[in-house]
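Each chain is listed here by its residues.
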Amino acid sequence: MRKTLDAKYDHLHVEMDHYKSWIDHGYFTAGDKSKDPFCIVIPPPNVTGKLHLGHAWDTTLQDIVSRYKRMQGYDMLWLPGMDHAGIATQAKVDERLKSEGISRYDIGREKFLERAWEWKEEYASTIRKQWAKMGLSLDYSRERFTLDEGLSDAVRRVFVDLYNDGLIYQGERIINWDPQAKTALSNIEVIHKEIEGAMYYFKYKVVETGKELVIATTRPETMFADQAIFVHPEDVRYKNIVGMHVINPANGEELPIMADDYIDMSFGTAVMKCTPAHDPNDFALAKKYHLAMPICMHPDGTMNEMAHKYAGMDRFACRKALVADFEKDGVVDHIEQHMHQVGHSERTGVIVEPYLSKQWFVRMEPLAEEVLKNQEIEEQKIHFYPQRFEKTFHQWLENIEDWCISRQLWWGHRIPAWYHKETGEIYVGMEDPQDLENWIQDEDVLDTWFSSALWPFSTLGWPKETDDLNRYFPNDVLVTGYDIIFFWVARMAFQTRYCMKNRPFKDVLIHGLVRDAQGRKMSKSLGNGIDPMDVIADHGVDALRFFLTTNSTPGQDLRYIDEKVEASANFINKIWNASRFVLMQIPEDMEVSDIDLSNASMIDKWILKRFNEVLENVTANMEKYEYALVGNELYSFIWDDFCSWYIELSKAGLSSDDETLRRAAQSTLVTVLSGIVRMLHPFMPFVTEEIYLAIPHTQESINLEAWPCAVDAAMSEEEMTAIRQLITMIEAVRSLKVDYNLKPSMDIEVIIRDENGKNMPSVSYINAILQKMCHATWIDEDSAVEMAVRPILNGTLNVPLAAIINVEEEIEKLSKEIKRLQQEIKRGEGMLSNPNFVNKAPEAKVNAEREKLEGYRSQYAIVEKQLEEMKKKA
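Since the model is a prediction, treat every value here as computed from it, not as a measurement. (Residues numbered from 1 in each chain as written. Predicted model: local features only at pLDDT ≥ 70, side-chain atom pairs only at ≥ 80, totals over all residues. Heavy atoms only, no water.)

1. So, the UniProt feature "domain: Aminoacyl-tRNA synthetase class Ia" (unreviewed entry) in the protein chain
Filter applied, for reference: UniProt positions are given in the numbering used here, feature names are shortened, and annotations may be inferred rather than shown by experiment. The secondary structure listing takes helices from DSSP runs of H or I that are at least 4 residues long and strands from runs of E that are at least 2 residues long, numbered from the N terminus.
As annotated in UniProt, the feature "domain: Aminoacyl-tRNA synthetase class Ia" (unreviewed entry) corresponds to residues 18-559 in the numbering used here. Secondary structure content for residues 18-559 is 33% helix and 23% strand, and the end C-alpha separation is 30 Å.

2. Examining the sheet that holds strand 14 (residues 353-362)
Rules: For two strands to count as paired, DSSP must find a minimum of two bridges between them.
In space, the 4 strands of this open sheet follow the order 6-5-14-16, with antiparallel pairing throughout. Because the sheet does not close on itself, it has two edges, and the strands there are strand 6 (183-185) and strand 16 (403-404). Note: strand 5 (residues 168-178) against strand 6, 3 bridges, orientation antiparallel. Bridging from a neighbouring strand, Asn-176 pairs with Leu-185 of strand 6.

3. Quick look at the environment of Ile-440
Convention followed: We call two residues in contact when some of their heavy atoms are within 4.5 Å.
Positionally, Ile-440 belongs in strand 20 (residues 439-441). Spatially, the C-alpha atoms of Ile-440 and Ser-815 are 107 Å apart, while their sequence positions differ by 375 residues. The residues contacting Ile-440, other than those within four sequence positions of it, are Ala-417, Trp-418, Tyr-419 and Lys-421.

4. Concerning the packing of helix 18 (residues 602-623) against helix 21 (residues 659-680)
Between two packed helices, what matters for the description is the angle formed by their axes and the separation of those axes. As a reminder, the rule being used: As a rule, the C-alpha atoms of each element are fitted with a line to give its axis, helices using only the stretch in contact, and angles between N-to-C directions run from 0 to 180 degrees. Note on terminology: angles under 35 degrees are roughly parallel, angles over 145 are roughly antiparallel, angles of 65 to 115 are roughly perpendicular, and the others are oblique. For any pair of crossing helices, the crossing counts as left-handed if the nearer helix is rotated counterclockwise from the farther one by less than a right angle, and right-handed if it is rotated clockwise. All amino acids are sorted into three groups, where Ala, Val, Leu, Ile, Met, Phe, Trp, Tyr, Cys and Pro are nonpolar, Asp, Glu, Lys and Arg are charged, and the leftover types, Gly among them, are polar.
Where helix 18 contacts helix 21, the two axes come as close as 10 Å, and the packing angle between them is 15 degrees. As judged from the angle between their axes, helix 18 and helix 21 are roughly parallel. Helix-helix and strand crossings are classified by hand; for helix 18 and helix 21 the assignment is left-handed. Only Ala-664, Ala-665, Thr-668, Thr-671, Val-672, Gly-675, Ile-676 and Met-679 of helix 21 make contact with helix 18, whose side of the interface consists of Asp-604, Ile-607, Leu-608, Phe-611, Val-614, Leu-615 and Val-618. Along the lines of polarity and charge, the residues of the contact of helix 18 with helix 21 split into 11 nonpolar, 3 polar and 1 charged.

5. Remarks on the sheet that holds strand 22 (residues 475-481)
Strand order in the open sheet made by the 3 strands is 15-23-22, with parallel pairing throughout. In this open sheet, the two edge strands, each paired with only one partner strand, are strand 15 (383-385) and strand 22. For this sheet the average axis-to-axis angle between neighbouring strands, irrespective of direction, equals 20 degrees. Across 6 bridges, the pairing between strand 22 and strand 23 (residues 505-511) is parallel. Looking at strand 23, one finds that Asn-475 is bridged to Phe-505. Lying over the sheet, helix 14 (residues 485-500) contacts strand 15, strand 22 and strand 23, oriented at roughly 165 degrees with respect to strand 22.

6. Structural notes on a negative patch on the surface
Under the convention used in this document: Patch membership requires more than 30% relative accessible area and the absence of a salt bridge. Residues of like charge join within 9 Å; the nonpolar side chains Val, Leu, Ile, Met, Phe, Trp and Tyr join within 5 Å. Only the protein chains shown count as covering a residue, and every accessible area follows the Shrake-Rupley method with a 1.4 Å probe. By definition, a salt bridge exists where a carboxyl oxygen of Asp or Glu is found within 4 Å of a side-chain nitrogen of Lys or Arg. A residue counts as positive if it is Lys or Arg and as negative if it is Asp or Glu; His and the chain ends are not included. Lysine's charge is taken at NZ, arginine's at CZ, aspartate's at CG and glutamate's at CD.
Among the surface-exposed residues, Asp-534, Asp-538, Asp-562, Glu-563 and Glu-566 lie close enough to one another that they form a single negatively charged patch. Tallying contributions element by element places helix 17 (residues 562-585) first for the negative patch, with 3 residues. Locating Glu-566 in the fold gives a position in helix 17.

7. Some details on the side chain of Ser-458
How we decide: Remark: exposure states derive from per-residue accessible area (1.4 Å probe, protein chains only) relative to the maximum for the residue type, with buried under 20%, exposed over 50%, and partly exposed in between.
One can find Ser-458 in helix 12 (residues 455-458). A relative accessible area of 1% places Ser-458 in the buried class. Setting aside anything within four residues of it in sequence, one finds Ser-458 in contact with Arg-144, Leu-151 and Ala-154.

Structural data, given as C-alpha cells:
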C-alpha cells in the first residue's frame with residue numbers, strides 16, 4: 001500500500017520518524033559479501049560539545065558518497081566514531097570541576113578520569129542525536145572511540161614499534177608550552193596572531209671597559225635565564241670586545257660576549273642576548289657552545305626563584321614591573337612599539353611560551369620520505385580532490401620537523417614507558433614490567449593526533465587480523481577540511497605507510513570552511529555562529545543538506561546565507577507539489593509493473609531523453625565529487641524541464657480519450673519522478689523517502705533502491721529539436737500576448753518561418769499542444785500583411801498585426817501619446833531657453849533637463865512614425 005502525500009509539504013512531519021525505522025531495519029549495516037566493498041571512516045568529532053555547521057557540511061558530503069555507493073550496489077561501510085580530544089576535553093572537565101570549587105589535583109588522576117569518561121558519555125550521546133537529525137547513514141554496530149580498548153592496543157603497538165625502530169626518542173628541546181593547560185604542544189597546534197608588542201632596547205655595561213652596549217629584546221622577563229651575549233665575528237663594531245663580559249641588568253650576573261655568524265648584522269643593534277631555555281635559536285647556539293640552560297619560569301607561566309623579587313609573578317606582570325624598574329634605573333635606551341606575530345594555543349587561546357622541556361618525539365624525516373616516494377606511484381598514491389591540495393600535502397612533508405608527541409595531561413593514551421626506580425633504566429613495551437613495584441610509568445599521555453592518525457585501520461580491528469580489516473582497508477575516500485591536511489591527513493599517510501605498508505585511502509575530498517554571509521570565519525567573539533539544529537528546525541535538514549553541498553565547489557569556502565537555505569526549501573516544496581500532481585494523474589492501484597512506455601508520445605520521449613542526458617551528467621559529476629554541478633543540473637531539469645514544461649505538456653496526453661496515450665503519459669510521469677527522487681536521495685534522504693513510498697515502487701525503502709538507469713527513449717536529434725522549438729513557440733506566444741496586452745485565453749493564429757524566412761507547414765501534434773498550452777493555432781497560409789515577429793529556435797513566430805490590434809483604438813492611443821510628448825517637448829524647450837534657469841540652476845540639473853528633452857524628441861519621432869503606419873491601415 002502506497003503512502004499519501006499531505007497537501008502541504010511540512011519538513012517537521014516528513015523528517016520525524018524515518019531515521020529510527022532505517023536504523024531498526026539495519027539498512028546501513030555493512031557486511032554483504034556478495035557485493036564489492038566501499039569504505040569511509042568518519043573524521044571523528046571531539047567529545048567536547050555540539051556539532052557545528054562545519055561538521056554538518058563534512059558529514060553530509062560523506063553521507064552523499066555513502067548513499068550513492070549503496071545505490072550503485074556496493075557493500076558500503078560508513079564507520080562512525082569519536083575522538084577523546086585530550087587537551088580540549090581535559091580543559092572542559094577542568095572547567096566543570098572549577099565550577100564545583102575543586103581541581104583535578106584535589107580528586108587525583110583516577111577520579112579525574114572517571115569524571116572525563118562521564119563527560120564523554122554525555123557528549124557522545126548528544127553527537128549521536130545530531131547525527132540522527134542529519135540523517136547520516138552510519139553503521140553504528142561498528143562505532144569506535146579513540147580511547148576504547150582496541151584503539152588503545154593499536155596505539156601502544158605503534159609506539160612500541162616506532163621506539164624499537166629508533167623512530168621515537170626522548171630528548172630535551174625547546175617546545176611550545178601552554179601555561180594554562182600546562183602541556184607541550186606540537187607546532188601545528190599553535191595559531192600565530194598579529195598583536196601589538198614592543199621591542200625593548202636596554203643598556204648593558206661592559207665589565208672590562210665600562211662602556212655600554214644596547215641590546216634589544218621582545219621578552220624582558222626571560223633575561224633572568226640569559227647565558228651569553230652574541231655578536232657577528234666580522235662585525236667591526238664589536239670585534240674588539242669579543243671575549244669580554246657584560247653585566248645582566250636583570251640580575252647583576254656577568255655574561256660572556258661571544259661571536260657566531262648566526263647573528264644578523266642588519267637587525268637591531270646586531271647584538272643578541274642568548275636565553276637557551278626560552279628560545280629555539282638560542283637553544284641551538286647553547287648546544288653548539290655547551291652553555292647552561294636554566295629555566296626562569298614555572299610551568300604555569302609564573303616566574304620562579306631565578307627572578308628574585310619578581311618570583312611568583314605572572315610572566316607578563318613581571319615584564320611590566322621589570323621594564324618599569326629599568327626605566328627608573330636608566331637601563332632603558334628606548335622602546336619601539338610594533339605589530340608582530342605571536343603564537344597562541346589552539347585550544348586555550350593563551351600565548352604559547354617557548355620552553356625547554358624533556359619530551360617524547362617522533363623522528364619524522366624517514367616516515368615522510370616513504371609517503372613522498374609512494375605519491376609517485378599511481379596505484380599507491382593518495383588522490384586529492386581538488387588536485388592542488390596535493391602540493392600543500394607535499395610541501396609540509398618535504399619541510400617536516402620532528403613531532404613532539406608527549407602531553408602533560410591525564411586524559412589520553414598513557415605513554416607505555418616505565419623508569420626503573422633505582423637504575424633509571426627505561427622500559428617500553430606492550431605489557432607492564434613484570435616486577436611492577438620497581439618501576440614508575442611515565443606520567444604523560446600521547447598527543448591526540450597520534451591515535452587519530454591510526455584511524456583508517458585501527459577502527460577496522462588492527463593490530464588484529466580481522467575480517468573487516470581485510471575487506472575494507474584501505475578506505476576508499478576521506479572527506480575533510482583543508483585546515484587539517486597537516487594535522488591529520490599527512491599523519492594518517494605516514495602512520496599507515498609505516499604500519500600497513502599501504503595508503504590509508506584512495507581519494508581525499510577536500511572542502512573549505514563555512515563562513516558567514518560577509519565571508520568572516522564563524523566565532524564566539526563575533527557572535528556569528530549558526531547552530532545547524534536551529535536551521536533544521538526552521539527549514540528542514542533536507543534543505544540544509546542541499547544548500548551545504550551544492551553551493552560551493554571542492555576546496556572552496558562556503559558562505560552561509562539563510563535565504564539560500566530557504567531557496568532550497570522552496571525547491572523541495574516544488575518537487576513535493578509536482579509529486580502530488582503525478583499522484584493525482586495515476587490510478588491508485590498503479591504498480592511499477594504497469595508502467596508501459598511503448599506508446600510514448602514525442603513529448604514523453606523528449607522528457608525521457610532529457611532525463612537520460614541529465615542522469616549521465618549527474619553520474620559523471622557524482623564520481624568526481626562535483627556536487628555543485630550535480631545540484632545545478634538537477635535543479636534546472638526538475639524546475640524547468642519537468643515541472644515548468646513536461647507537466648504542462650503532458651496534460652494533452654493525460655486528458656486524451658486514447659487509453660494508450662494516457663497510460664504512456666502516466667508511465668512517463670512515474671518513471672521520471674522515480675528517477676528524480678533516486679538521484680536526489682543522497683542529498684535529501686527524508687523527502688525522497690516520503691515521495692518514493694507514495695509513488696509506485698518496488699522496495700520497502702528508497703535506501704534499498706538502485707541508482708537510476710537510462711530509459712529506453714529512442715528519439716532522433718530532429719525530433720528533439722522539434723520539441724525544443726515547440727517550447728520556444730509557447731514562450732514566444734506568451735511573451736507576445738504580454739507585450740500587446742492580450743488575455744492569455746485569447747485565441748490567435750501564428751505562422752512559423754524557418755531561418756531563411758520560408759513558411760513551415762504545421763505539424764498536427766505540435767498544433768494540438770500549442771492550442772492547449774497558449775491558445776495559438778499554427779496556420780499554413782502565407783500573408784503579405786504586417787506581422788508581429790518573435791524569435792524561436794531555428795526560425796521565427798509570426799502573428800498578423802491586424803489580428804491582434806484594433807487599429808482605431810491604437811490610433812487613438814498613439815494620438816494621445818503624441819500630444820503628451822508635444823507638451824513635454826514644449827516645456828523642456830521653454831525651460832532651456834530661459835537664461836535664468838540655464839545660468840542659475842545647478843549644472844547637473846540643467847544637463848538632466850537637456851537629456852530629458854532629447855529623450856522626448858526621440859520618442860516623438862518613433863510614435864509619429866507608428867501613428868502614420870497605423871493610419872495607413874485604417
